[in-house]
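# Reading the structure
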Amino acid sequence: GEDVEQSLFLSVREGDSSVINCTYTDSSSTYLYWYKQEPGAGLQLLTYIFSNMDMKQDQRLTVLLNKKDKHLSLRIADTQTGDSAIYFCAVAYNAGNMLTFGGGTRLMVKP
Amino acid sequence: GAGVSQTPSNKVTEKGKYVELRCDPISGHTALYWYRQSLGQGPEFLIYFQGTGAADDSGLPNDRFFAVRPEGSVSTLKIQRTERGDSAVYLCASSGDRVASEAFFGQGTRLTVV
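Residues numbered from 1 in each chain as written. Chains lettered and ligands numbered in written order. Predicted model: local features only at pLDDT ≥ 70, side-chain atom pairs only at ≥ 80, totals over all residues. Heavy atoms only, no water.

## As for the overall build of chain B
The cut-off we apply is this: Helix numbers and strand numbers start at the N terminus; a helix is a DSSP run of H or I with at least 4 residues, a strand a run of E with at least 2. Atoms considered for the radius of gyration are the C-alpha atoms alone. The globule rule reads 2.2 Å times the number of residues to the power 0.38.
Helix and strand counts for chain B come out as zero helices and eleven strands. Listing the helices and strands of chain B from first to last along the sequence gives β-β-β-β-β-β-β-β-β-β-β. On C-alpha atoms alone, chain B measures out to a radius of gyration of 13 Å, which is about the 13 Å that the 2.2 N^0.38 rule sets for 114 residues. Across its three principal directions, the C-alpha atoms of chain B cover 35 × 25 × 25 Å.

## A short note on the interface of chain A and chain B
Convention followed: Whether two residues touch is decided by their heavy atoms; if any such pair falls within 4.5 Å, the residues are in contact. Buried area counts how much accessible surface, traced with a 1.4 Å probe, disappears from two parts once they are put together, with both parts' losses summed. For this analysis, a salt bridge means a side-chain nitrogen from Lys or Arg found within 4 Å of a carboxyl oxygen belonging to Asp or Glu. Here a polar contact is recorded for every N or O atom pair within 3.5 Å, except that within protein the pair must consist of a potential hydrogen donor and a potential acceptor, and residues adjacent in sequence are included only if both atoms are side-chain atoms. Gly is placed with the polar residues, together with every amino acid not listed as nonpolar (Ala, Val, Leu, Ile, Met, Phe, Trp, Tyr, Cys and Pro) or charged (Asp, Glu, Lys and Arg).
The interface is formed by 19 residues belonging to chain A together with 19 residues belonging to chain B. Carbon and sulfur atoms supply 56% of the area that chain A and chain B bury against each other, a total of about 1,500 Å² over both sides. In this structure, the connection of chain A to chain B is made through zero salt bridges. Viewed at the interface, chain B and chain A are joined by three residue pairs in polar contact (both at pLDDT 80 or more). Those elements that provide at least two residues to the side of chain A that touches chain B are β4 (29-37) and β5 (43-50) of chain A. Its residues assigned to classes, the side of chain A that touches chain B comprises twelve nonpolar, seven polar and no charged.

## Digging into the layout of surface pockets
We apply this condition: Cavities and pockets were defined on a 1 Å grid built over protein atoms only: a cavity is a set of grid points that admits a 1.4 Å probe from which the probe cannot escape, a pocket is an open set flanked by protein on both sides within 12 Å along at least five of seven lines, and lining residues are those with an atom within 4 Å of any such point. Grid points are joined across faces, edges and corners, and a volume is the space filled by probe spheres set on the points.
Approximately 670 Å³ is the volume found for the largest pocket. Considering the residues around the largest pocket, the lining is formed by 30 residues, among which Q37 of chain A together with Q37, L39, V89 and R110 of chain B are closest to the centre. Contributions of two or more residues to the lining of the largest pocket are made by β9 (85-93) and β11 (105-110) of chain A together with β9 (88-95) and β11 (109-113) of chain B. Grouping the amino acids of the lining of the largest pocket by side-chain chemistry returns eleven nonpolar, 16 polar and three charged. Roughly 310 Å³ of internal volume is contained in the second largest pocket.

## With respect to the pattern of salt bridges
Put simply, the test is: Accessibility here uses a 1.4 Å probe with only protein chains present; expressed as a share of the type maximum, an area under 20% marks a residue as buried, one over 50% as exposed, and anything in between as partly exposed.
Tallied over the full model, the rule gives five salt bridges over all chains. With a closest N to O distance of 3.7 Å, K68 of chain A and D69 of chain A form a salt bridge. R22 of chain B is paired through a salt bridge with D24 of chain B; the nearest N and O atoms lie 2.7 Å apart. For R22 of chain B, a relative accessible area of 39% corresponds to the partly exposed category. When its relative accessible area of 24% is taken as the criterion, D24 of chain B is described as partly exposed. When salt bridges that share partners are traced, they join R64, E83 and D86 of chain B into one network.

## Thoughts on the environment of S84 of chain A
All names here are of chain A. Within the secondary structure, S84 is located in the loop between β8 (71-76) and β9. With a relative accessible area of 25%, S84 lands in the partly exposed category. When the C-alpha atoms of S84 and Q37 are compared, they prove to be 9.3 Å apart, with 47 residues separating the residues in sequence. Every residue in contact with S84, bar those within four places of it in the chain, is listed here: E38, L107, M108 and V109. Of note is the side chain of S84, whose polar atom sits 3.1 Å from the backbone nitrogen of V109.

Such coordinate-based values are descriptive only and should not be taken to indicate function.
Below you can see the structure in the form of structure tokens.
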């Protein structure tokens, strides 16, 4: 089955850019997502990208997809303390009825 | 309602007991998903409903787990003979079509088996 990997932890200073990386194994993945989870809260969909795209930008968020290397990244510009959370990468196939999540990257933003 | 609602928010049960977890999806959403999130891990898929039928139940770990959605709206996840390893946060999500990009998650039910 699909395997999705993320690094466990990232620490940045407020105002810097954060880059969270994700690798996956199944090249037939069609939709790729980034979710944010804050303590005690549910999963919040941040953004997603279709597999036929290389990049998607949405305000402070930039998603880059390298299909050849099966690598997905999320860049957060001008990171704020409110961005501190766990970020999950998730991939889906075909109609996307099932998501396979990575283990999550805990982002800590220092003032 | 405004979002996906899950009840109870917390459930503590004794090993061997039966539990039911409820999910109220966003009104009009035809697709409903159950996931399980263990401590320090990402959510793992359990089952997916399209309307009343389970379109994909390949993630259910064993036959102690069962889920229903009799009227195509509210869903109940049922766990028989609970084990300590079942302790996790059970997440429900719903979407308006089959594309999971539009899935909205509930706050989850934290199940603790003692």
